[in-house]
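Structural overview
Each chain, written out:
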Amino acid sequence: MERIFSGVQPSGVLHIGNYLGAIKNWVNLQNDHQCIFCVVDLHAITVSQDPKELLKKTVEVAKIYLAAGIDPKKSTIFVQSHVKEHAELAWILNTITKIPELERMTQFKDKAKDGKKEASMGLFDYPVLMAADILLYKTVGVPVGEDQVQHIELTRDLAQRFNNKFGEIFTVPKALVRKEGARIMGLDDPIKKMSKSAASQYNYISLTDSPDDVREKIKKAVTDSGKEIVFSQDKPALANLLTIYSLLGGQTIKDIEAKYKDKGYADFKKDLAEVVVEFLEPFQEKYNALDDNEVLEILREGAKKAQVIASQTMSEVKKAVGLIE
Ligand code: AMP
Ligand code: TRP
């Protein structure tokens, strides 16, 4: 079975963009692939984190994986820092990565923004650690949202460069990006992607939002000029809301357009809020029923399984590079 690897950072809140862009696809993949899903805490600390919060968020993200339908009997779920080979391989990949390759990364440019002088080496090196995550497991497919594709391109380049120099060790992975949902936009600004680090909570719907929060956020969501409910590139706010409606409600955009042919934004938004609430209710029920200690046990077991593969790859890498084991 082809191997799949992906991860989410335990920072900020997980929102429906994370679910639709990434996690939803993971659930589908686990039936016919060997899946490894990681909570990437070493990535989270590339920007400042409150240590207590980080611990809490790490367990929360694992619970979100489980509540979304990731089955630990089928897939491996673990925490990145439990498997030391991630940091070890990142160091080796650093030695074949060129500085301009990392300077080009748009996520770095976004996150460092005006504070480039304040940005840490870790933030700069983030894509190399991500390459290590993927290559350690000889991953074939990486299901992610569109914003991660540039990082996977770099991963492919590093894999090829390493293989050319030291012998065929790494599999060259490909990004698995679904057309729909790959880029869910902010509710308060449909030009920017929905983001867990957004300044306003009206940007996103968190997976743990209450029904009343959902209703309020959708009511406040910006819309475009005009009255008609139609999907169009020049109506980015409405296109985004229609995408969310379609993916969470399991109806095609065409059917939704037909349903609101003679209705306005108010009806559409009211129903959309209920579609989101109906999706979140069973999800949150499962989430709340999970026991932290059981989740920690699943993560420890997952790390053991991941480490078997990771240490095997590391030993091949070390031999190839000329490091004494
Ligand atoms: P992050 O929040 O950066 O840790 O992202 C976790 C996963 O969610 C990655 O696969 C992202 O590509 C995906 N993702 C994040 N934001 C969005 C969004 N607004 N729309 C679709 N996918 C997203
Ligand atoms: N950089 C990814 C994000 O912010 C998270 C991530 C880290 C990841 N390592 C990964 C995703 C390996 C896929 C594969 O979304």
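The following paragraphs examine the structure supplied in this document.

Cut-off values and rules
Residues numbered from 1 in each chain as written. Chains lettered and ligands numbered in written order. Predicted model: local features only at pLDDT ≥ 70, side-chain atom pairs only at ≥ 80, totals over all residues. Heavy atoms only, no water. Salt bridge = Lys/Arg side-chain N within 4 Å of Asp/Glu carboxyl O. Helix = DSSP H or I, 4+ residues; strand = E, 2+ residues; numbered from the N terminus. Buried < 20%, exposed > 50% of the residue type's maximum accessible area, 1.4 Å probe, protein only. Axes fitted to C-alpha atoms, helices over the stretch in contact; angles between N-to-C directions. Parallel < 35°, antiparallel > 145°, perpendicular 65-115°, else oblique. Left-handed = near helix turned anticlockwise from the far one by under 90°. Contact = heavy atoms within 4.5 Å. Near = heavy atom within 4 Å. Polar contact = N/O pair within 3.5 Å; in protein donor to acceptor, adjacent residues only side chain to side chain. Areas by Shrake-Rupley, 256 points an atom, 1.4 Å probe, with all protein chains shown as cover. Nonpolar A, V, L, I, M, F, W, Y, C, P; charged D, E, K, R; others polar.

The full count for this structure, using the stated rule, is 16 salt bridges. The partner of Glu101 in a salt bridge is Arg161, with the nearest N and O atoms 2.5 Å apart. Of this pair, Glu101 sits in helix 5 (residues 99–103) while Arg161 sits in helix 8 (residues 149–166), and the two are 60 residues apart along the sequence. Classification of Glu101 as buried rests on a relative accessible area of 7%. Close ionic contact of Glu297 with Arg300 constitutes a salt bridge, the shortest N to O distance being 3.6 Å. Placement of the pair is Glu297 and Arg300 together in helix 13 (residues 292–321), with a separation of 3 residues, close to one helical turn. Each of the salt bridges in this network shares a partner with another, and the network as a whole consists of Asp212, Arg215 and Glu274.

With that settled, the discussion passes to the packing of helix 3 (residues 51–68) against helix 12 (residues 265–289). Relative to each other, helix 3 and helix 12 sit at 125 degrees, their axes nearing to 9 Å. Classified by the angle their axes make, helix 3 and helix 12 are oblique. Considering how the two elements wind past one another, helix 3 and helix 12 form a crossing that is right-handed. Facing Glu60, Lys63, Ile64, Ala67 and Ala68 of helix 3, the residues of helix 12 in contact are Phe283, Lys286 and Tyr287.

This part takes up the site of ligand 2. For ligand 2, the set of nearby residues contains 13 residues, the closest of which are Gln9, Tyr126, Met130, Asp133 and Gln148. In the model, a nitrogen atom of ligand 2 is placed 2.7 Å from a nitrogen or oxygen of the Tyr126 side chain. Notes on ligand 2: free accessible area 360 Å², of which the protein chains cover 91%. Sorting the residues of the shell around ligand 2 by element identifies strand 1 (3–8) and helix 7 (121–136) as the ones contributing at least two each. No other element matches the 4 residues that helix 7 contributes to the shell around ligand 2. Class assignment of the residues belonging to the shell around ligand 2 gives a composition of 7 nonpolar, 5 polar and 1 charged.

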